[in-house]
Amino acid sequence: MTDSQVSLLLHCAAWRGLLQAQVQVELSERFSRQTDPAVDRHIEEVWTERVSKEPWLFNGSKFRLHSFCLSSSSVSHPACTPPSHTPSSDRAEEQQGDTPHSTQRMEKSCITHSLHDAAQSSLDRRSRAVNQVESADSVSALSPASSTFNKNADDPEPLLTLRLGLTCYKDYLGTNWSCRVAELRQHGEAEFGDALALLAQPLGVGGVLCTADGQVVLIRRSQKVAEAVGLLDIPGGHPEPKVVCERLGQAVCEEQISVDMMQQRPVVSELFSSVCAEIRDEVNIPLSSLGEPVLMGVALNHTSAGRPSAEFYVSCSLTSDEVRKLYWKGGAEAHESTDIVFLGRTEVLQLDISSPLWAELCPSAKGAVLLYQTVRPDSERGQRQPDAQPIASEKRSR
């Protein structure tokens, strides 16, 4: 299925999704946005204008997704590989956007994918697959023909590493949503060898929430949200660096947060728990009624310059009628939506661009639906998906 608004950066279909113990993060300032005085002035101008029109907006620290690393010994399908690359050797190299400060040799057990070529590809050919693997060796290590599936959902060894820096919501609106985003990409490519170097790229989260009677929950976005006004969405938001610091006993303001204040396991915990917190706040479902989140993968929203979002599957012990009643009682973030809609599992699996409902979905919901259809997380875990294919061969659109 082709939709120019979204594409999949990473899917975890080989494992029916990943649990929290199978994910780790690497935190570093070098994974944060590159600064530039002219760009920073532009960000301030955009922010001042947006807040004057939408005074309910507020800034906050966010995590910036730079790249990710999959364990090559356990990967049966690539997150995405370009069809034009040809393997040249058995050596795997780390690729982090081709920036001079971050390109390093890596261990043979880990294949890293950068968001850099995904952004550059969208400038050249919107029909090309996303997340171009910059090393030909990575393609060899991750191809279905050369990889062996030897992990299952109960294996606690981390299979995925997310490389994270810091950014903020103000920078997101001033870069990813800027009318000058094409110029920022060109400047990033020329100055840093990375088209995304100057973009905020905050990592969002979203949850495909499934009730006890097999209904998937969608909510209609209100007029008081910054993007996708009035469209159908899944519950979602952002993992919050400030929450991580507070859980570590550090009471700091947003502007003072740095990666040195955080530890990788609490960050992973926040990544997984934040999607449940968003469901609680937006749909008014108690945390005790939610199952353990399962990471399906990462989708890119091309209406906001390829902004990434980690999409989860979350089961709920309540029926759709019980969820509907709780929703209309109102949660902490009830102002963000105006209605709740339920779709059966089968209907969600059959959704495509020809479906009338597809046009009502915001890009983040579309990405989550594509991941749900690809990963099938509510199928039996620990078994390979027999028809899983590399995203590149699916010709997903930019």
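About the cut-offs
- Residues numbered from 1 in each chain as written.
- Predicted model: local features only at pLDDT ≥ 70, side-chain atom pairs only at ≥ 80, totals over all residues.
- Heavy atoms only, no water.
- Helix = DSSP H or I, 4+ residues; strand = E, 2+ residues; numbered from the N terminus.
- Buried < 20%, exposed > 50% of the residue type's maximum accessible area, 1.4 Å probe, protein only.
- Contact = heavy atoms within 4.5 Å.
- Areas by Shrake-Rupley, 256 points an atom, 1.4 Å probe, with all protein chains shown as cover.
- Expected span 1.5 Å × (residues − 1).
- Arc of directions from axis to C-beta.

Engineer: How would you sum up the overall build of the protein chain? Please name residues and give values.
Structural biologist: Secondary structure summary: the protein chain contains 11 helices and 12 strands in total. By the burial criterion, 59% of the 398 residues in the protein chain qualify as buried. Of the contacts formed within the protein chain by residues at least 6 apart in sequence, a portion of 78% connects residues at least 24 apart. For the protein chain, the exposed area adds up to about 15,600 Å²; of that, 48% sits on carbon and sulfur atoms.

Engineer: How would you summarise helix H1 (residues 37–53) if you had to cite specific residues and measurements?
Structural biologist: With 17 residues, H1 extends 25 Å from end C-alpha to end C-alpha; this agrees with the ideal 24 Å at 1.5 Å per step. Among the residues making up H1, those that are buried are Val39, His42, Ile43, Val46, Trp47 and Arg50. Each buried residue of H1 lies within a common arc of 135° when the element is viewed along its axis, so the set occupies one face. Away from the buried face of H1 by more than 90 degrees, exposed residues Pro37, Arg41, Glu45, Thr48 and Ser52 are located. Elements that come into contact with the buried residues of H1 comprise helix H4 (169–175) and helix H5 (181–192).

Engineer: Quick rundown of helix H8 (residues 320–329)? Include the residues and the values.
Structural biologist: Considered for burial, the residues of H8 that qualify are Ser320, Val323 and Tyr327. Seen along its axis, H8 keeps its buried residues to an arc of 60°; they face one direction. Exposed side chains of H8 directed beyond 90 degrees from the buried face belong to Lys325, Trp328 and Lys329. Along its buried surface, H8 packs onto strand S7 (215–221), helix H7 (264–283) and strand S12 (337–344).

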